[in-house]
Structures are given as structure tokens and as C-alpha cells.
2 protein chains.
Amino acid sequence: MKPYLLQTLKELALLGAIPNKIELSSHERAQQLETSQQTASRYLLELDLQQMITREFGVKKQLIQITITGADALENEYMSYKQIFDLTNKVVFKGKLVSGMGEGKYYTGQKGYAEHFEKQLGFVAYPGTLNVEIEYIERNKIRLLRSYGGIQIDEFQAENRTFGNVVCFKATINGKEGAIVLPKRSHYATVLECISPYNLRETLGLHDGDTVEVVAYIQ
Amino acid sequence: MKPYLLQTLKELALLGAIPNKIELSSHERAQQLETSQQTASRYLLELDLQQMITREFGVKKQLIQITITGADALENEYMSYKQIFDLTNKVVFKGKLVSGMGEGKYYTGQKGYAEHFEKQLGFVAYPGTLNVEIEYIERNKIRLLRSYGGIQIDEFQAENRTFGNVVCFKATINGKEGAIVLPKRSHYATVLECISPYNLRETLGLHDGDTVEVVAYIQ
DNA sequence: ATTACTAAGCAGCGAGTAA
DNA sequence: TTTACTCGCTGCTTAGTAA
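Criteria and cut-off values
- Residues numbered from 1 in each chain as written.
- Chains lettered and ligands numbered in written order.
- Predicted model: local features only at pLDDT ≥ 70, side-chain atom pairs only at ≥ 80, totals over all residues.
- Heavy atoms only, no water.
- Helix = DSSP H or I, 4+ residues; strand = E, 2+ residues; numbered from the N terminus.
- Rg over C-alpha atoms; globule rule 2.2 N^0.38 Å.
- Areas by Shrake-Rupley, 256 points an atom, 1.4 Å probe, with all protein chains shown as cover.
- Buried < 20%, exposed > 50% of the residue type's maximum accessible area, 1.4 Å probe, protein only.
- Pairing = 2+ DSSP bridges.
- Phe/Tyr/Trp six-rings, centres within 6.5 Å; stacked < 30°, edge-to-face > 60°.
- Lys NZ or Arg CZ within 6 Å of the ring centre and 35° of its normal.
- Arc of directions from axis to C-beta.
- Domains from an automatic or database assignment.
- Disulfide = S-S within 2.5 Å.
- Axes fitted to C-alpha atoms, helices over the stretch in contact; angles between N-to-C directions.
- Parallel < 35°, antiparallel > 145°, perpendicular 65-115°, else oblique.
- Contact = heavy atoms within 4.5 Å.

Let us now look at the overall build of chain A. On a plain count of helices and strands, chain A comes out with eight helices and 12 strands. In terms of overall dimensions, chain A is more spread out than a globule: its C-alpha atoms have a radius of gyration of 24 Å, far above the 17 Å expected for 219 residues. When the accessible area of chain A is evaluated, it comes to approximately 11100 Å², of which 49% is carbon and sulfur surface.

This is the structure we're talking about:
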């Protein structure tokens, strides 16, 4: 949705156009927006075509009301702002399911990790990880997440080798309880490794390439 | 502020650019926005010029962080959405102080009104009304307000004439406790008549033409 | 009064490119 | 690789105007 249409919709909502029909001529709207009557009219026309508003024409002015579709678009925008200011206790990632290299199963199978996961996350991890590839640009969010600390799992020895430090964050994967596991070093991975008490692939009926939403929680 | 700049700023914030510096090249931003590298670069440049973001250039990419000014702009936008969805228990008007025609004093001085005000609003109104002229377009908000009912004050007889029905809403005038009084009929006034236990002009140091914020509360 | 069409003018977009 | 300049061209804006 074009930013200027969203802005128009928002300003209509501020005048009460979600619960009520509001009286507004394109000329008035033009003054409010500091543009021409023609542009204001065109914006309203575009919103109408996109089913964001309904209009009734009288002899004077028009009665405008925001539709469910329009209100949804606004609410969506609102959620983004909530994300920024309020709910900084969560970070939302969108990505695609990819196949791991079988490593996740080996690691999560390690007694050391399994015990830590149970003690610190409160669940027994199903063997293996669900790997979600995020947009490259969203690696900034991983950095954001790291800055909050998270649940640290220390180095330990097993099978004659050292397993490195990892940091976990409680998370939901398409709504299902779980956690994401980040290596302590290497700040810019673009794959989120998720663990969960459930077999996520089966429970959620996921296949490679499916879109997955991972919500990580801070504290 | 141009809507597309606000959108850019919002998306930077979603990547964590308020607390952190984020790594982002104009090319990446272009892909995210589905536009050209040049346009993305220009947007970032504009935000920089408007002091909404700061940038540090390395050999690769740039480190971007949102400034206080930028965060304020976003917070302001956030408040608008809050207004729409959450705090529909208040309606915010902005207007200018105008001189009444001395009528307010006569009316508020009437025993009938004075008693009602005290009983239903919980304060003794200072004689007279503070008149705030709102933008013509905001009369839609008055309609919105009316749709919530408000505190009704019935007709009464005094001095051999009938005083009409009015509807009140508890309100704050530049933060000071008070109420607005709307005639029951005549749906589209553009002047809000405010009453208060205080002499608002004096207490707030207001003069004609000053900008006044009136927040009306629904129940 | 309105809304909104057509057409002209101009701002913003992006290809090419320099640094 | 980057960022961001110039410049031709497209598409948005607005004046004029019809309905």
C-alpha cells in the first residue's frame, strides 16, 4: 500500500471514520493535506478503488467511512509501531524453512545441551533444529536481539571435544513454544536455528520453502 | 514530513535502528523497498538532511542510527494510532482561543446549570466559558464525540424562560480539569465551549489566538 | 456547491557513471 | 564494493473545466 494512501486513511480514522461516516469534501481534505483539490480527490478515489473506504455522495460533500479492509491496514501499521515502542520484549522474524545439514540433530542430541535446554528453557528439546532462513537485511534484528543478552549456555566437554557457548531466546515458531539458539560468536548468521519440545515440522505441517514466523522474546 | 520518509524511518526502526546502529546499504534498502538503489540512497540522504538519522560510512555499507528527532517523529505517529485504536475513550481537539460573546457567563451563571454542573461533573464552574475554535474539518470529531452520549443536562425553567438541553463531556483544557458543553441540537458547531472550576484564561495565561488543546473523555 | 476528467507542466525516478 | 551525482524520461500534480 502506498505510503500517502495509508497517511490519508490514518487521518480519516483520526476524524472518526472507523466507527462513523464523516462528512468531508475533497476541497477540505486538500486544505488539510496542503495540496490541490484534484490530488485530494484522486487519493480518495484510489482508497475507494482499493476498498479501503466507502463513499456516499450527497449534493454537498461526501460521507466517508473506513471499511474492514481499511481498518485492518491501519491496525497492521499500528502493530508495527507497537513493535517499535512497546513490545521491545519481542522481536519478530519472517523467513523460509530450509533444510539443515543434519548438524542440529547431532548437537541437540548432546547430553550437555539437552540438560541445559531443559534446565534453562523448561522443556526437553526434540532432537534436531528447525532452520529458518531470514532475509539478509533482518540480520540487524539478530544483532538487536543479541544486545539484550538472552539465556547463556556455557561451554562443556563431551565425546572428547568442546561444545561452544551458545545463547538462547525463548521464542514461538508459528505460534508453537520453543527457542532459538544462536552461536555466541559469529554475529551475522542469516539462519535461525529453532528448537522446541515438539517436532515442529510435523506438528505445523511444514515443508522446505514455507514461510515461518519466529517471535523471539527478550527475558 | 513526507509519508515515504516516515515509512523509511519506521522500517529502519523495525530493524532496531533506535537503540542500535544498523548496517544497511542503499542497495539492500532498495531491495526491501522494491525500488532502485538511487531512490533508496536519496531517501536516506533526505532523512539525514532532516536530522532524522545519523550515518557513518565504512568501506562497505553504512551504519545508520535514528536520532532523537527521528524517534520523536515516530513516537508522534505512534500516538496517532493509539488515538485511533486504544484510547477511543478520549478525543483530542486542537484549536485557537476566541472571545465569546459574553453569553457563556450568563448561561453558566444560571442556577440550573450551576447545580447540574456541580452534581454531574463534580465541580463548581467558574462563571463564563472558554471558547476554542477548532478547524472546520474537526467538526467530524464533535460528531464522533456526540455518538458516545456524554453527560446530559436536562431542560429547566428560570427567569421566565426555558434553558435548553446540553450535553457535557469531562475534558482537560491544556491539561487543566474541566468539561466541554455542547448544545443538544445543532450538530456542527466549530466552537467548543469549555467550563472549569478555574479561571482558565488566567490560570493558563491564555490570550485570544493562542493554541489550545482540548481532550474530551468519553465516560 | 460538489467530483473528477483531460492535458500540460514539473518533480521524482532510475540508468549511467564518477569517486 | 560502496554512495550519490547528472540527466533524460516517466508519471504524478494541478489548472482548466465539464457535469
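Once you've had a look at it, read on.
Below, the discussion takes up the pairing of strand β3 (residues 62-66) of chain A. Where a strand is regular, its side chains alternate between the two sheet faces. Residue and element names in this part refer to chain A. Within β3, four of the five residues are buried, leaving the element largely enclosed by the surrounding structure. In this sheet, β3 lies alongside strand β1 (residues 22-23) in antiparallel orientation, the contact comprising two bridges. Of the residues in β3, the one forming a bridge with E23 is L63. What sits between strand β2 (residues 53-57) and β3 in their antiparallel hairpin is a turn of four residues, with K61 showing a positive phi close to 55°.

Let us now look at the packing of aromatic side chains. In this structure the tally under the stated criterion is 15 aromatic pairs over all chains. On the basis of an interplanar angle of 80° and a centroid distance of 5.9 Å, the ring pair of Y113 of chain A and F163 of chain A is categorised as edge-to-face. Note that Y113 of chain A is positioned in helix α6 (residues 111-121) and F163 of chain A in strand β8 (residues 161-163), a separation of 50 residues in sequence. Grouping residues by exposure puts Y113 of chain A and F163 of chain A together as buried. Three or more aromatic residues link up through ring pairs in this structure, and these residues are Y78, Y81 and F85 of chain A together with Y78, Y81 and F85 of chain B. Looking at R161 of chain B, its charged tip hangs above the ring of F163 of chain B, at a distance of 4.7 Å from the centre. Of note, K176 of chain B hangs over the ring of Y198 of chain B, and the distance from its end group to the ring centre comes to 4.6 Å.

Here the focus is helix α6 (residues 111-121) of chain B. All names here are of chain B. Turning to α6, its buried residues are G112, Y113, H116, F117 and L121. Taken down its axis, α6 places every buried residue within 125° of arc, on the same side. Residues of α6 that are exposed and point more than 90 degrees away from the buried face comprise K111 and K119. Where α6 terminates, the next one or two residues include G122, which has phi positive at roughly 85°.

Let us now look at the domain arrangement of chain A. Size of an interface: often given as the accessible area lost when the parts come together. Examined at the domain level, chain A breaks down into domain 1 (3-73) and domain 2 (89-217). The distance between the C-alpha centroids of domain 1 of chain A and domain 2 of chain A comes to 45 Å.

This part is about the state of the cysteines. Overall, the coordinates contain zero disulfides over all chains when judged by the stated rule. You can see C194 of chain B has no disulfide; the closest cysteine sulfur is in C168 of chain B, sitting 11 Å from it.

All names here are of chain A. Relative orientation of the contacting elements helix α1 (residues 3-14) and helix α3 (residues 37-49) amounts to 90°, with a least axis distance of 10 Å. Here α1 lies roughly perpendicular to α3, going by the angle between them. Note on element contacts: α3 touches α1 through Y43, L44, E46 and L47, opposite Y4, L5, T8, L9 and L12.

Moving on, we get to the environment of K111 of chain B. All names here are of chain B. You can see K111 is positioned in helix α6. Residue K111 is classed as exposed on the basis of its relative accessible area of 64%. Between the C-alpha atom of K111 and that of E77, which follows or precedes it by 34 residues, the distance is 44 Å.

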